[in-house]
Amino acid sequence: MEIWLKQGSKRFRVPVLPSSYQVSSSQNNTSVDVNALGEVNLLGKSVLSTISFTSFFPSVYHSFCDSRPKRPKEYIALLDKMRKNGPMKLHITGVLSLNVTIETLDYEENDGTGDITYTLSLKEYRYLNIPSSTITQTIIDVPVPTAGSPARDNPPKESGKSHVVVAGENLTSIARKETGSTNWRPIYEANKNKIGCNPNLIKVGQVLTIP
């Protein structure tokens, strides 16, 4: 058996095979209580699998080593670089082949021998397959001010309608007729320069703006 991690041009082969490895697979199921049936199990989606194993990088290689020797710290540096670079392919010959990421890399040096014991925890990686969408671009024509014409930062406000004063009208009756309300003050404020200081002195034939 061989254990490989492959990421682009980077290759890592476990030099000393672990005595065991653990693969954890589960299902995100939900248990609910149904009247007359009791507890039932609703099947959910598969949870990402996890794989972990513990081994060591020897400072001196012997016949039990399954790979061309590197120094222990070189192996640690390689695994750490692969961890930071993202997903890779895990191959355990004759057992599984899976896209994974390195979740944790724990290691320590014991007994002053130079050997480094490590535990590698991997997690299944699923590539997202998002269909491409069509983006529609809307182009809005904005008029460009010509030479001599003032540039406008804001669009002009829409003016109100007009009302021609007839005999017998006052601002209250005009407000009721044009707006449905007896509140004459907005009409007076909009036409104060025409009416003057006294809102009761409106004249027949005056054109008032109704806001």
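Up top is the structure.
Residues numbered from 1 in each chain as written. Predicted model: local features only at pLDDT ≥ 70, side-chain atom pairs only at ≥ 80, totals over all residues. Heavy atoms only, no water.

K.L.:
What am I meant to see in the overall build of the chain here?
P.N.:
Along the backbone of the chain there are four helices and 11 strands. Looking at the chain as a whole, 24% of its 211 residues are labelled buried. For the chain, restricting intrachain contacts to residue pairs at least 6 apart in sequence, the fraction spanning at least 24 positions comes to 55%. For the chain, the accessible surface area stands at approximately 15,100 Å², while carbon and sulfur atoms represent 50% of it. (Helix = DSSP H or I, 4+ residues; strand = E, 2+ residues; numbered from the N terminus. Buried < 20%, exposed > 50% of the residue type's maximum accessible area, 1.4 Å probe, protein only. Contact = heavy atoms within 4.5 Å. Areas by Shrake-Rupley, 256 points an atom, 1.4 Å probe, with all protein chains shown as cover.)

K.L.:
What should I look at first to understand the nonpolar core in this one?
P.N.:
Inside soluble globular proteins, nonpolar side chains tend to come together where they are buried. The biggest cluster of nonpolar side chains holds 22 residues, and the ones touching the most others in it are Leu5, Phe12 and Leu120. Where this core is concerned, the elements lending two or more residues are strand 1 (3-7), strand 6 (46-57), helix 1 (72-85), strand 7 (88-92), strand 8 (96-109) and strand 9 (116-124). Ranked by residue count, the leading element in this core is helix 1, at five residues. With 10 residues, the next largest nonpolar core counts Val165, Ile174, Leu208 and Ile210 among its residues. (Core = buried A, V, L, I, M, F, W, Y, C linked by side-chain atoms within 4.5 Å.)

K.L.:
Explain the pairing of strand 5 (residues 38-42) here, please?
P.N.:
Side-chain positions along a regular strand alternate between the two faces of the sheet. Note: strand 4 (residues 30-34) against strand 5, five bridges, orientation antiparallel. Each residue of the ladder has a partner; that of serine 31, found in strand 5, is asparagine 41. A loop of three residues connects strand 4 with strand 5, the two strands running antiparallel in sequence, and alanine 36 in this loop sits at a positive phi of about 75°. (Pairing = 2+ DSSP bridges.)

K.L.:
Just checking my understanding: could you explain the packing of aromatic side chains for this structure?
P.N.:
A ring pair, where both rings are aromatic, is described by two values, the distance of the centres and the angle of the planes. Using the criterion set out here, one finds seven aromatic pairs in the structure. An angle of 80° between the planes, with centres 6.4 Å apart, marks the rings of phenylalanine 53 and tyrosine 118 as edge-to-face. Here tyrosine 118 lies in strand 9 and phenylalanine 53 lies in strand 6, a separation of 65 residues in the sequence. Here the two residues phenylalanine 53 and tyrosine 118 agree in accessibility, since each one is buried. Both rings, one in tyrosine 125 and one in tyrosine 127, keep their centres 4.8 Å apart while their planes meet at 80°; by these two values the pair is edge-to-face. Tyrosine 125 gets classed as partly exposed once you look at its relative accessible area, which sits at 32%. What makes tyrosine 127 exposed here is its relative accessible area of 53%. A connected cluster of aromatic rings, assembled from ring pairs, spans Phe12, Phe53, Phe57, Tyr75 and Tyr118. (Phe/Tyr/Trp six-rings, centres within 6.5 Å; stacked < 30°, edge-to-face > 60°.)

K.L.:
Would you mind going over the pairing of strand 6 with me for this structure?
P.N.:
Strand direction decides the pairing type here: strand 3 (residues 21-27) and strand 6, joined by six bridges, are antiparallel. Its bridge partner lying in strand 6, serine 26 is registered against valine 47. Where strand 6 meets strand 9, eight bridges bridge the pair, whose relative direction is antiparallel. By the bridge assignment, serine 55 is partnered in strand 9 with tyrosine 118.

K.L.:
It is not clear to me how helix 2 (residues 171-179) should be interpreted in this structure. Could you clarify?
P.N.:
In an α-helix there are 3.6 residues to a turn, and that puts residues three or four apart on one side. Restricting attention to buried positions, one finds in helix 2 the residues Leu171, Ile174, Ala175 and Glu178. Buried residues of helix 2 fall within an arc of 100° about the axis and therefore sit on the same side. Packed against the buried residues of helix 2 are strand 10 (161-164), helix 3 (185-190), helix 4 (192-195) and strand 11 (207-210). The opening residue of helix 2, the one whose side-chain oxygen lies 3.1 Å from the backbone nitrogen of threonine 172, is asparagine 170. Glycine 180 sits one or two residues past helix 2 and shows a positive phi near 85°. (Arc of directions from axis to C-beta. Polar contact = N/O pair within 3.5 Å; in protein donor to acceptor, adjacent residues only side chain to side chain.)

K.L.:
Can you help me understand the sheet that holds strand 8 in this one?
P.N.:
What links the strands of a sheet is backbone hydrogen bonding, and the strands pair in either a parallel or an antiparallel sense. The antiparallel open sheet is built from seven strands, whose spatial order is 2-1-7-8-9-6-3. Two strands lie at the open edges of the sheet, namely strand 2 (10-13) and strand 3, each paired on one side alone. For this sheet, the mean angle separating the axes of adjacent strands, direction not counted, is 30°. Together, strand 1, strand 2, strand 6, strand 7, strand 8 and strand 9 form the strand contacts of helix 1, whose direction differs from that of strand 2 by roughly 125°. (Axes fitted to C-alpha atoms, helices over the stretch in contact; angles between N-to-C directions.)

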